[in-house]
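# Chain and residue survey
One-letter residues, chain by chain:
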Amino acid sequence: FIHLFLMDSATGTGGGAGASGTGVEHIVLLKVKDDATDDQTRAMIDGVNALIGIDGVISVSIGKIFVEGDWMADRTRGHNYALRVRLEDREALRRYQDDEGHQKLLKETIAPILSELPPTAVDFESPLVT
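This report concerns the structure included in the present document. (Residues numbered from 1 in each chain as written. Predicted model: local features only at pLDDT ≥ 70, side-chain atom pairs only at ≥ 80, totals over all residues. Heavy atoms only, no water.)

## Brief notes about the overall build of the protein
Keep this limit in mind: Starting at the N terminus, helices and strands are each numbered in turn, a helix being any DSSP run of H or I of at least four residues and a strand any DSSP run of E of at least two. Partly exposed residues are those whose accessible area sits between 20% and 50% of the maximum for their type, while under 20% is buried and over 50% is exposed, using a 1.4 Å probe and protein chains only. Only heavy atoms enter the contact rule, under which two residues are in contact if any of them lie within 4.5 Å. We get accessible surface area from the Shrake-Rupley algorithm with a probe of 1.4 Å; when it comes to residues, only the shown protein chains can shield them.
Along the backbone of the protein there are three helices and six strands. Helices and strands appear in the protein in the N-to-C order β-β-β-α-β-β-α-α-β. Residues classed as buried in the protein amount to 30% of the 130 residues present. Excluding contacts between residues fewer than 6 apart, the proportion of contacts in the protein whose partners are at least 24 apart in sequence is 73%. For the protein, the accessible surface area stands at approximately 8600 Å², while carbon and sulfur atoms represent 53% of it.

Here is the structure:
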């Protein structure tokens, strides 16, 4: 699967339909312990979904990673949950990282059920396509 997106180098906007500036993607791969309870994982999911209320957060998604049958290689390296937060810009990422609710969620709900700390995380700028 190849997705081609043409970027106008002068304006930083895409040439495709629906492109409207850039934003920041925050991707986190989690290794949730095998003995984490359903209540603990539900609290994690609900807590992550509540992050949509932070100023500058455009969208949030979290889910259990799957590997489907013989046709899909297992590239998970032990990660079993992934989350994605779309933010308006780098300043919004800073506000998100420093947010009291985000920090509390990390310390009280997510960290206790992870088998590896810190979790794998990356941030990058990308066109905001709607």
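## A look at the layout of surface pockets
Gaps left between atoms are located by rolling a probe of water-molecule size over the structure's atoms. Put simply, the test is: Grid points spaced at 1 Å and placed over the protein atoms alone form the basis of the search, with a cavity being a set where a 1.4 Å probe fits but cannot get out and a pocket an open set showing protein on both sides within 12 Å along at least five of seven lines. Lining residues have an atom within 4 Å of a point. Grid points are joined across faces, edges and corners, and a volume is the space filled by probe spheres set on the points. Residue classes follow a fixed rule: Ala, Val, Leu, Ile, Met, Phe, Trp, Tyr, Cys and Pro count as nonpolar, while Asp, Glu, Lys and Arg count as charged, and any other residue, Gly among them, counts as polar.
The volume enclosed by the largest pocket comes to roughly 260 Å³. Lining the largest pocket, in full, are Leu 29, Lys 64, Ile 65, Phe 66, Val 67, Met 72, Ala 73, Arg 75, Thr 76 and His 79. Residue classes in the lining of the largest pocket are distributed as six nonpolar, two polar and two charged. Here the second largest pocket defines a volume of roughly 210 Å³. Listed by contribution, the elements that provide at least two residues to the lining of the second largest pocket are strand E3 (19-30), helix H2 (90-98) and helix H3 (100-110). Per element, the largest residue contribution to the lining of the second largest pocket is four residues, and it comes from H3. Across the lining of the second largest pocket, the residue classes break down as 14 nonpolar, three polar and no charged.

None of this, on its own, says anything about what the molecule does.
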